[in-house]
There are 2 protein chains.
Amino acid sequence: MRLVIARCSVDYVGRLTAHLPPATRLLLIKADGSVLVHSDGGSYKPLNWMSPPCTLKEAPADDGTASWVVTNKAGEELRISIEEVLHDSSHELGVDPGLQKDGVEAHLQILLAENAEVLGEGWRVVRREYPTSIGPVDLLCKDAAGASVAVEIKRRGEIDGVEQLTRYLDLMNRDPLLAPVSGVFAAQEIKPQARVLAEDRGIRCVVLDYDELRGMDDKESRLF
Amino acid sequence: MRLVIARCSVDYVGRLTAHLPPATRLLLIKADGSVLVHSDGGSYKPLNWMSPPCTLKEAPADDGTASWVVTNKAGEELRISIEEVLHDSSHELGVDPGLQKDGVEAHLQILLAENAEVLGEGWRVVRREYPTSIGPVDLLCKDAAGASVAVEIKRRGEIDGVEQLTRYLDLMNRDPLLAPVSGVFAAQEIKPQARVLAEDRGIRCVVLDYDELRGMDDKESRLF
DNA sequence: GCTTGAATTTCGTCG
DNA sequence: CGACGAAGTTCAAGC
């Protein structure tokens with residue numbers, strides 16, 4: 001990894017065209033040739049960049065300035081004109097073991113599948129990732145009366161999720177072996193618009209409490 | 001901006017929990033206190049990070065190792081344990097003038113509006129961004145026979161775009177002054193699922209050639 | 001300030 | 001390898 005602090009201007013021509021006027025920035029060149037241009041603020045996203053695989057060519061000019069040209073196979077080009085270098089160092093980092101995550105949608109689905117009673121007393125899970133021709137339904141349940149319920153789980157419940165569940169319900173209700181199937185939209189947080197749309201379509205909304213679900217899981221583990 | 005190359009392990013507890021085992025990485029501390037942890041590969045996204053506004057507290061331990069704790073108002077926490085520092089430098093960058101972009105979807109819309117004949121012979125644009133109560137339709141056209149057509153334009157045509165257009169069509173077809181309104185889903189690239197859904201709903205799919213549209217535009221400019 | 005839709009999205013998984 | 005969906009999405013424009 002090479003770190004360069006330099007006064008530079010940057011031009012990108014590819015999926016769009018973009019330009020950065022001259023200013024002092026961090027230029028980060030990774031081992032795979034990818035380049036990140038960072039300013040001293042904003043978020044984790046660079047001002048501009050080139051993703052790997054790509055190649056960097058350094059072309060010194062007569063006037064002492066340098067030009068870096070980073071290209072990839074698709075013909076996208078990142079051109080960096082360097083006026084003044086304030087820092088330049090290289091470092092060996094090696095391969096990173098990578099990030100271990102916990103607590104995303106997949107986890108929510110597992111927890112809810114193990115605690116279907118959160119959705120209603122006497123409810124049970126028929127199966128997770130119930131397959132349909134347009135994709136898998138997160139949970140297929142049966143309520144206390146034995147009626148089928150399709151459950152769509154999201155971390156954040158927005159309008160797209162309601163549309164998705166609606167498509168599943170349309171399809172499943174055409175299957176005489178399954179119909180009638182009702183719907184539950186379950187999420188840690190449900191946006192008002194999504195709730196209105198869901199309820200207008202007769203879909204019940206359930207707000208999930210991740211910590212509570214995890215707690216129930218712990219209790220269950222302790223009991224058995 | 002402070003650049004630190006160090007052997008470290010990282011833990012994040014916030015919207016999820018995540019852990020990075022010990023390895024050598026770049027720690028980037030921006031002027032606003034935000035922190036980025038980068039490895040020597042991957043894309044522009046850091047392995048882990050804390051977005052501003054946040055505060056960094058450095059707590060030296062007895063055994064020579066240091067611990068950085070970065071927290072924000074929401075109670076999220078990024079904890080970095082540093083075993084060995086290989087590089088540490090600070091730099092004044094100043095405020096960045098920022099990125100100037102030159103559009104994608106907006107540009108597509110302009111080009112298509114100027115070349116409606118791409119959609120069909122004798123077609124004309126009634127207006128761009130035609131307002132409805134649930135949002136603007138990209139293009140409202142009339143075909144050669146004078147029938148109304150709503151056009152949804154995307155760079156990448158996916159299922160969401162079809163849903164969006166469907167909602168517009170449902171609404172517009174309730175307006176007796178407008179109905180009947182048919183739909184066209186236009187994109188540089190249309191995913192198979194989106195195409196199937198669109199055509200199932202009687203929406204025509206049109207793949208746009210950005211370069212060709214631009215070329216037509218040039219020709220037109222030269223003629224007048 | 002909140003909501004909505006796009007992104008040079010990136011990143012994973014699954015077929 | 002492509003397609004599809006999630007993301008600590010982030011980002012920008014509208015209201």
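Residues numbered from 1 in each chain as written. Chains lettered and ligands numbered in written order. Predicted model: local features only at pLDDT ≥ 70, side-chain atom pairs only at ≥ 80, totals over all residues. Heavy atoms only, no water.

The name given to chain A in an unreviewed UniProt entry is Endonuclease NucS, with the source organism recorded as Sporichthya brevicatena. Comment text from UniProt for chain A, heading Function (unreviewed entry), reads "Cleaves both 3' and 5' ssDNA extremities of branched DNA structures." What UniProt records for chain A under Subcellular location (unreviewed entry) is the sentence "Cytoplasm". (UniProt positions renumbered as here; feature names shortened; annotations may be inferred.)

Novice: In this structure, what is going on with the protein's contact with DNA strand C? I would like to understand it.
Specialist: Of all residues adjacent to DNA strand C, which total 17 residues, the nearest are A:Asn48, A:Gln193, B:Ser43, B:Lys154 and B:Arg155. The contact atoms of DNA strand C, taken as those within 4 Å of the protein, divide so that sugar and phosphate hold 78%. Within the contact set of DNA strand C, a phosphate oxygen lies 2.6 Å away from a side-chain nitrogen or oxygen of B:Ser43. Listed by contribution, the elements that provide at least two residues to the surface near DNA strand C are strand 4 (48-50) of chain A together with strand 11 (148-157) of chain B. Considering only residue class, the surface near DNA strand C consists of six nonpolar, four polar and seven charged. (Near = heavy atom within 4 Å. Polar contact = N/O pair within 3.5 Å; in protein donor to acceptor, adjacent residues only side chain to side chain. Helix = DSSP H or I, 4+ residues; strand = E, 2+ residues; numbered from the N terminus. Nonpolar A, V, L, I, M, F, W, Y, C, P; charged D, E, K, R; others polar.)

Novice: Help me out: how do you make sense of the sheet that holds strand 13 (residues 204-207) of chain A in this one?
Specialist: Pairing between the strands of a sheet is mediated by backbone hydrogen bonds and can be parallel or antiparallel. Residue and element names in this part refer to chain A. Overall, mixed pairing links the five strands, which are arranged 9-10-11-12-13 in an open sheet. Strands with a single pairing partner mark the edges of an open sheet, and in this sheet they are strand 9 (124-132) and strand 13. For this sheet, the mean inter-axis angle between neighbouring strands, taken without regard to orientation, is 35°. For strand 9 and strand 10 (residues 135-142), the ladder comprises seven bridges, and the chain directions are antiparallel. Across the sheet, the residue bridging to Arg-128 is Leu-139, located in strand 10. Across the face of the sheet, helix 1 (residues 105-114) comes into contact with strand 9, strand 10, strand 11 (148-157) and strand 12 (181-190) while running at roughly 140° to strand 11. (Pairing = 2+ DSSP bridges. Axes fitted to C-alpha atoms, helices over the stretch in contact; angles between N-to-C directions. Contact = heavy atoms within 4.5 Å.)

Novice: Where do I start with the pairing of strand 1 (residues 2-13) of chain A in this structure?
Specialist: The side chains of a regular strand alternate between both faces of the sheet. Residue and element names in this part refer to chain A. The sheet contact formed by strand 1 and strand 7 (residues 77-90) spans 12 bridges and is antiparallel. Bridge assignment links Arg-2 to a residue of strand 7, and that residue is Ser-90. Of the pairings in the sheet, the one linking strand 1 to strand 2 (residues 17-29) comprises 11 bridges and is antiparallel in character. Looking at strand 2, one finds that Val-10 is bridged to Leu-20. Here strand 1 folds back onto strand 2, and the loop between the two strands holds three residues.

Novice: I'm lost on the side chain of B:His91 in this one. Help?
Specialist: As for its position among the elements, B:His91 is in the loop between strand 7 (77-90) and strand 8 (100-102). Setting aside residues no more than four positions away along its own chain, B:His91 makes contact with A:Ile5, A:Asp40, A:His87, B:Met1 and B:Leu3.

Novice: Explain the protein's contact with DNA strand D to me, please; I cannot follow it from the model alone.
Specialist: Contacts to DNA strand D come from 21 residues, most closely from A:Ser43, A:Lys154, A:Arg155, B:Asn48 and B:Trp49. Here a phosphate oxygen of DNA strand D and a side-chain polar atom of A:Lys101 are 3.0 Å apart. The contact in question runs from a phosphate oxygen of DNA strand D to an N or O atom on the backbone of B:Gln193, over 3.4 Å. At the level of secondary structure, the elements contributing two or more residues to the surface near DNA strand D comprise strand 11 of chain A together with strand 4 (48-50) and helix 3 (192-200) of chain B. Classifying every residue of the surface near DNA strand D gives seven nonpolar, four polar and 10 charged.

Novice: Please explain helix 3 (residues 192-200) of chain A as it appears in this structure.
Specialist: One turn of an α-helix holds 3.6 residues; hence residues three or four places apart share an orientation. All names here are of chain A. Along helix 3, the residues classified as buried are Ala-194, Leu-197 and Ala-198. In a view along the axis of helix 3, the buried residues occupy a sector of 100°, so they form one face of it. Residues Pro-192, Val-196 and Asp-200 are exposed on helix 3 and point more than 90 degrees away from its buried face. Looking at the packing, one finds that the buried side of helix 3 touches strand 11, helix 2 (159-172), strand 12 and strand 13. (Buried < 20%, exposed > 50% of the residue type's maximum accessible area, 1.4 Å probe, protein only. Arc of directions from axis to C-beta.)

Novice: Would you take a moment to explain the state of the cysteines for this structure?
Specialist: Each disulfide consists of one covalent bond between the sulfur atoms belonging to two cysteines. Applying the stated rule across the entire model yields zero disulfides over all chains. Not part of a disulfide, A:Cys54 finds its nearest cysteine sulfur in A:Cys8, a span of 16 Å. For A:Cys54, a relative accessible area of 9% puts it in the buried group. In this structure B:Cys205 is not part of a disulfide, and its nearest cysteine sulfur, from B:Cys141, lies 16 Å away. (Disulfide = S-S within 2.5 Å.)

Novice: What am I meant to see in the interface of chain A and chain B here?
Specialist: Bring the parts together and some accessible area is lost; that lost area is often taken as the interface size. Counting from both sides, the interface comprises 53 residues of chain A and, opposite them, 54 residues of chain B. Taken together, the two surfaces of chain A and chain B that pack against each other cover about 4600 Å², and 59% of this comes from carbon and sulfur. The largest contributions to the chain A side of the interface with chain B come from A:Asp40, A:Tyr44 and A:Leu93, which together make up 16% of the buried area. Linking chain A to chain B there are four salt bridges. (Buried area = accessible area lost by both parts, 1.4 Å probe. Salt bridge = Lys/Arg side-chain N within 4 Å of Asp/Glu carboxyl O.)

Novice: Before we go on, may I ask you to explain the relation of the copies chain A and chain B in this structure?
Specialist: Under the fitted operation, chain A is carried onto chain B by 0.1 Å of movement along the axis and a turn of 176°, and the coordinates agree to an RMSD of 0.8 Å. One copy is carried onto the other by what is essentially a two-fold rotation axis. Comparing contact sets, 96% of the residues at the interface of chain A also lie at the interface in chain B, consistent with an isologous, same-surface contact. (Least-squares fit on C-alpha atoms with pLDDT ≥ 70 in both.)

Novice: Just to check I follow, could you spell out unusual backbone geometry for this structure?
Specialist: Glycine aside, a negative phi is what most residues show, and trans is what most peptide bonds show. Here the residue pair A:Pro52 and A:Pro53 is connected by a cis peptide bond, since its omega of 0° sits within 30 degrees of zero. In this structure, B:Pro180 follows B:Ala179 across a cis peptide bond, with omega equal to 0°. Backbone geometry places A:Glu129, a non-glycine residue, at a positive phi of 55°. Topologically, A:Glu129 is positioned in strand 9.

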